[in-house]
Amino acid sequence: MRFRETEECACLFCGGRDGVQVVARDDGGAAFAICASCRKELMAAWSSGVAEPKGEQSYSDAAKSIMAEAAAMTEEQFEEKYLSDMIDRVIFEYVRGYEQTELDGGAMGLLSIMTEKSADVVREHIDGLVDKGLIYPVSGKSGWYGADYPFVDD
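This section reports on the structure supplied with the text. If you're wondering where the values come from, they're calculated on a predicted model, not measured in any experiment. (Residues numbered from 1 in each chain as written. Predicted model: local features only at pLDDT ≥ 70, side-chain atom pairs only at ≥ 80, totals over all residues. Heavy atoms only, no water.)

### Some words on unusual backbone geometry
At step 1: Even without a glycine there, the phi angle at glutamate 99 is positive, about 70°.
At step 2: As for its position among the elements, glutamate 99 is in the loop between α4 (86–98) and β4 (100–102). (Helix = DSSP H or I, 4+ residues; strand = E, 2+ residues; numbered from the N terminus.)

### Structural notes on the pattern of salt bridges
At step 1: Summed over all chains, the structure comprises 6 salt bridges.
At step 2: Among the salt bridges present, the one from glutamate 75 reaches arginine 96, with a minimum N-O distance of 3.1 Å. With glutamate 75 in helix α3 (residues 75–82) and arginine 96 in helix α4, this residue pair connects regions lying 21 residues apart in the sequence.
At step 3: Residue glutamate 75 is classed as partly exposed on the basis of its relative accessible area of 23%.
At step 4: For arginine 96, a relative accessible area of 16% puts it in the buried group.
At step 5: Where aspartate 127 meets arginine 123, a salt bridge forms, and the shortest distance between an N and an O atom there is 3.5 Å. Placement of the pair is aspartate 127 and arginine 123 together in helix α6 (residues 119–132), with a separation of 4 residues, close to one helical turn.
At step 6: By relative accessible area, arginine 123 is classed as partly exposed at 22%. (Salt bridge = Lys/Arg side-chain N within 4 Å of Asp/Glu carboxyl O. Buried < 20%, exposed > 50% of the residue type's maximum accessible area, 1.4 Å probe, protein only.)

### Section: the packing of α3 against α4
At step 1: Running from amino to carboxyl end, α3 crosses α4 at an angle of 140°, the nearest separation of the two axes being 11 Å. By the angle class used here, α3 and α4 are oblique. At the point where α3 passes α4, the crossing takes the right-handed sense. Of the residues in α4, those touching α3 at Glu75, Phe78 and Glu79 are Arg89, Phe92, Glu93 and Arg96.
At step 2: Partitioning the contact of α3 with α4 into residue classes produces 2 nonpolar, no polar and 5 charged. (Axes fitted to C-alpha atoms, helices over the stretch in contact; angles between N-to-C directions. Parallel < 35°, antiparallel > 145°, perpendicular 65-115°, else oblique. Left-handed = near helix turned anticlockwise from the far one by under 90°. Contact = heavy atoms within 4.5 Å. Nonpolar A, V, L, I, M, F, W, Y, C, P; charged D, E, K, R; others polar.)

### Focus: the pairing of strand β2 (residues 21–24)
At step 1: Residues Gln21 and Val23 of β2 are buried on one face, and the alternating residues Val22 and Ala24, pointing to the opposite face, are buried as well.
At step 2: By the bridge criterion, 3 bridges tie β2 to strand β3 (residues 32–34) in an arrangement that is antiparallel. Note that in β3 the partner of valine 23 across the bridge is phenylalanine 32. (Pairing = 2+ DSSP bridges.)

Below, the structure written as structure tokens:
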């Protein structure tokens, strides 16, 4: 196999564009693109001897409840009720802007700069938002979170 860095295409598995490499097979088979995050997960699965396919997205009961409630609220009502804390609001808006995104990598540094808090403080808020159901861990993608809520005024 030959690997070549590219910015011209997205990952075959997740659609991400960070650290994408094109993998050309030696046997002449079709080449494919894979991002750094998916390569890391794939290598970990292979090295552990257990390569499980990514499952369907699952939500906690708290996330299901928040999603149902959010669908009947305006964005302003939602923010008033759930996002009075500035750090929580920044994290939620960042994740919601992408619908699903990785927070363990470069985003953590960016969130630290945006909130003017340490990565540990930001991590505590992320964990709190997950516990409340405002953001959810993305199934099969370590360090990724989602917040894809439709509001009445969207």
